[in-house]
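Now for the letters of each chain:
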Amino acid sequence: MKVLNAITRLRHSRCRPERLLLLLPSCLQRSQCPQKVINGVSECRRCGRCRIKEMVELAEKYGCQCAVVTGGGLAIQLAKGEGVDAIVAVACEKELQAGLRAALPKPSLGVINVRPHGPCKDTDVDSAEVEQAIRWFLRGEELPAAATRGADGEGKAQQVARS
Ligand code: SF4
């Protein structure tokens, strides 16, 4: 992870906003929410009870694409889409490692989610870290030092990058 991250930082891929995809796991949505955000993030009513609201607003702020997916297969399908040049993905370590590898040769950054209720339910993510990843692609801003470390723990939001 450290080596691949360092390589990516040296290459520093840039991307137009409309061609950057923010990929979110469906477990980020509040489990009791009735909205079908997997059909489109416009379904989110932005009540603020889960992190989806902030993610949708980040995508709007920067003008990038945003999708909520139920599994790695669909995530990879979207990531490989012709309208996508780069990906910022939120997921657990295992899903990120498989997904980012599958997205190659497209560059991608992963932000590890937080799982206070166990895996795959009512997960969370640090919005600031997602925004940093978006800005890295769009504006060339450096990632924080923490993002250059390898993934080393449950719930520790870090980023891994490939190009
Ligand atoms: S922020 Fe959106 S997805 Fe989350 S609970 Fe509210 S309506 Fe549902």
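Undergrad: Please set out the environment of Ile-112 residue by residue, giving values where relevant.
TA: With respect to the secondary-structure elements, Ile-112 resides in strand E4 (residues 108–112). Classification of Ile-112 by C-beta neighbours within 10 Å gives buried; the count is 25. For the pair formed by Ile-112 and Lys-94, sequence separation is 18 residues and the distance between their alpha carbons is 9.5 Å.

Undergrad: I'd like to hear about the pairing of strand E2 (residues 65–69), residue by residue, with values.
TA: Regular strands show a simple pattern: their side chains alternate between the two faces of the sheet. Where strand E1 (residues 20–25) meets E2, 5 bridges bridge the pair, whose relative direction is parallel. Of the residues in E2, the one forming a bridge with Leu-22 is Cys-66. Read as a crossover between parallel neighbours, the route from E1 over helix H2 (residues 52–62) to E2 is right-handed.

Undergrad: Can you tell me about the site of the ligand, naming the residues and giving the values?
TA: As a matter of local geometry, the ligand sits amid 14 residues, with Cys-33, Cys-44, Cys-47, Cys-50 and Lys-53 nearest to it. When its residues are assigned to classes, the shell around the ligand shows 6 nonpolar, 3 polar and 5 charged.

Undergrad: Account for the nonpolar core, with residues named and values stated.
TA: Core analysis: the largest hydrophobic core is formed by 43 residues, its most contacted members being Leu-22, Leu-23 and Val-88. Breaking this core down by element, the ones donating at least two residues are E1, H2, E2, helix H3 (72–79), strand E3 (86–91), helix H4 (93–103), E4 and helix H5 (127–139). Other than its neighbours up to four places away in sequence, Val-88 contacts Leu-20, Leu-22, Leu-109, Val-111, Val-130, Ala-133, Ile-134 and Phe-137.

Undergrad: Could you give an account of unusual backbone geometry, naming the residues involved and the relevant values?
TA: Among all residues except glycine, the phi angle is most often negative; among peptide bonds, the trans geometry is most common. Leu-104 connects to Pro-105 through a cis peptide bond whose omega is 10 degrees. Among the structural elements, Pro-105 can be located in the loop between H4 and E4. Even without being glycine, Arg-46 reaches a positive phi, approximately 60 degrees. Considering the arrangement of structural elements, one finds Arg-46 in the loop between E1 and H2. Phi is positive for Cys-120, close to 70 degrees, though the residue is something other than glycine. The topology assignment puts Cys-120 in the loop between E4 and H5.

Undergrad: Residue-level account of H5, with values.
TA: Here H5 is 13 residues long and its end C-alpha atoms lie 17 Å apart, about the 18 Å a rise of 1.5 Å per residue gives. Residues of H5 that are buried include every one of Glu-129, Val-130, Gln-132, Ala-133, Ile-134, Trp-136 and Phe-137, and no others. One or two positions beyond H5, positive phi appears at Gly-140, with a value near 75 degrees.

Undergrad: So what's going on with the confidence of the model for the chain? Which residues, and what values?
TA: For the chain, mean pLDDT is 83; residues scoring 70 or higher make up 80% of the total. Put simply, strand E5 (residues 159–162) is where the chain has its lowest mean pLDDT, 43, and H2 is where it has its highest, 98. In the predicted structure, residues 148–163 sits below a pLDDT of 50 and forms 51 contacts with residues beyond four places in sequence or in another chain.

Reading guide: rules and limits
Residues numbered from 1 in each chain as written. Predicted model: local features only at pLDDT ≥ 70, side-chain atom pairs only at ≥ 80, totals over all residues. Helix = DSSP H or I, 4+ residues; strand = E, 2+ residues; numbered from the N terminus. Buried ≥ 20, exposed ≤ 12 C-beta atoms within 10 Å, placed from the backbone. Pairing = 2+ DSSP bridges. Right-handed = clockwise from strand over helix to strand, strands pointing away. Near = placed C-beta within 6 Å. Nonpolar A, V, L, I, M, F, W, Y, C, P; charged D, E, K, R; others polar. Core = buried A, V, L, I, M, F, W, Y, C linked by C-beta atoms within 7 Å. Contact = placed C-beta atoms within 7 Å. Expected span 1.5 Å × (residues − 1). pLDDT = per-residue confidence, 0-100.

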